[in-house]
Amino acid sequence: MTVNRIGLFGVIAALALTEPAPDASASGRPIHLTGDCTYSSRYAELRDQGVAFARCDQVVITETGMALLIEFSSETGGKAFTYTVEHVFDSPIVGTAKVTDLQIRAGEAVDARGKCTIYESDTLISTVTCIATWQGRIYVANFETDASRF
């Protein structure tokens, strides 16, 4: 079975509510979100095909000049994946942007291809979804904020 990257990316994202979508560049402070990385059970077979899914309960979004670092991690397991994306969103940080680098756990950042999307609903960040490829393997993180469960 061939993985359809665009279909996978579109299907695993969901909308919900959490904190206001801040302007990271204006504040200069990282944005901390709590929630969970969640995936539909129908994607379980993709793990057998080499797709790596992040396990996380928090996301930190940090502006670094013309890029954003989007770090998916867990309190118990540490960093899962950190995506570096071009900061070219329509609004301050909400939208879709190109992935330029990927860091797996505490390893070195490597050149990667993909995209990240930060979703909002009623001006609140709801979901952060990233997908990237490096050396033929796909790395996926789909984070839903705590408020998405209400």
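Residues numbered from 1 in each chain as written. Predicted model: local features only at pLDDT ≥ 70, side-chain atom pairs only at ≥ 80, totals over all residues. Heavy atoms only, no water.

**Q** I would appreciate a short explanation of the overall build of the chain in the present structure.
**A** From N to C terminus, the chain includes three helices and nine strands. Taken from the N to the C terminus, the helices and strands of the chain come in the order α-α-β-α-β-β-β-β-β-β-β-β. Looking at the chain as a whole, 44% of its 150 residues are labelled buried. Restricting the contact set of the chain to residue pairs at least 6 apart, pairs at least 24 apart contribute 51%. With the model as given, the accessible surface of the chain reaches about 7800 Å², and the carbon-plus-sulfur share is 50%. (Helix = DSSP H or I, 4+ residues; strand = E, 2+ residues; numbered from the N terminus. Buried < 20%, exposed > 50% of the residue type's maximum accessible area, 1.4 Å probe, protein only. Contact = heavy atoms within 4.5 Å. Areas by Shrake-Rupley, 256 points an atom, 1.4 Å probe, with all protein chains shown as cover.)

**Q** Help me understand the environment of Lys 115, please; the structure alone is not making it clear to me.
**A** When you line up the elements, Lys 115 lands in strand E7 (residues 110-121). Residues Lys 115 and Tyr 83, spaced 32 residues apart in sequence, show a C-alpha to C-alpha distance of 8.9 Å.

**Q** Hey, could you run me through the pairing of strand E1 (residues 31-37) in this one?
**A** For a regular strand, side-chain orientation follows a simple rule: the groups alternate between the two sheet faces. Of the pairings in the sheet, the one linking E1 to strand E3 (residues 58-64) comprises four bridges and is antiparallel in character. When the bridges of E3 are listed, Leu 33 appears paired with Val 59. Inspection of the sheet shows E1 paired to strand E9 (residues 137-145) by three bridges, in the antiparallel sense. Pairing of Asp 36 across the sheet is with Glu 144, part of E9. (Pairing = 2+ DSSP bridges.)

**Q** Help me understand the pattern of salt bridges, please; the structure alone is not making it clear to me.
**A** Should the charged atoms of two oppositely charged side chains come close, the side chains can pair. Enumeration over the complete set of coordinates arrives at one salt bridge. The partner of Glu 86 in a salt bridge is Lys 98, with the nearest N and O atoms 3.9 Å apart. In this pair, Glu 86 sits in strand E5 (residues 78-86) while Lys 98 sits in strand E6 (residues 95-104), placing the two residues 12 residues apart along the sequence. Given the relative accessible area of 47%, Lys 98 is considered partly exposed. (Salt bridge = Lys/Arg side-chain N within 4 Å of Asp/Glu carboxyl O.)

**Q** What's the story with the layout of surface pockets in this structure? I'm lost.
**A** Empty space among the atoms becomes apparent when a probe as large as a water molecule is rolled across them. Here the largest pocket defines a volume of roughly 220 Å³. Around the largest pocket, the lining comprises 15 residues; the ones closest to its centre are Phe 53, Ala 54, Arg 55, Ala 80 and Arg 105. Elements represented by at least two residues in the lining of the largest pocket include exactly strand E2 (52-53), E5 and E9. Here the element with the most residues in the lining of the largest pocket is E5; it accounts for four residues. Here the lining of the largest pocket is composed, by residue class, of seven nonpolar, three polar and five charged. (1 Å grid on protein atoms, 1.4 Å probe; cavity = no way out; pocket = protein on both sides within 12 Å on 5 of 7 lines; lining within 4 Å. Points joined across faces, edges and corners; volume = space filled by probe spheres on them. Nonpolar A, V, L, I, M, F, W, Y, C, P; charged D, E, K, R; others polar.)

**Q** What's the story with the packing of aromatic side chains in this structure? I'm lost.
**A** Aromatic ring pairs: the centre-centre distance and the angle between the two ring planes describe each pair. Counting across every chain of the model gives four aromatic pairs. Look at Phe 72 and Tyr 83: their rings are 5.7 Å apart centre to centre, the planes differ by 85°, and that puts the pair in the edge-to-face class. Of this pair, Phe 72 sits in strand E4 (residues 67-74) while Tyr 83 sits in strand E5, and the two are 11 residues apart along the sequence. Residue classification places Tyr 83 among the buried positions, given a relative accessible area of 0%. Feature note: the residues Phe 72, Phe 81, Tyr 83 and Tyr 139 constitute an aromatic cluster, connected by ring pairs. (Phe/Tyr/Trp six-rings, centres within 6.5 Å; stacked < 30°, edge-to-face > 60°.)

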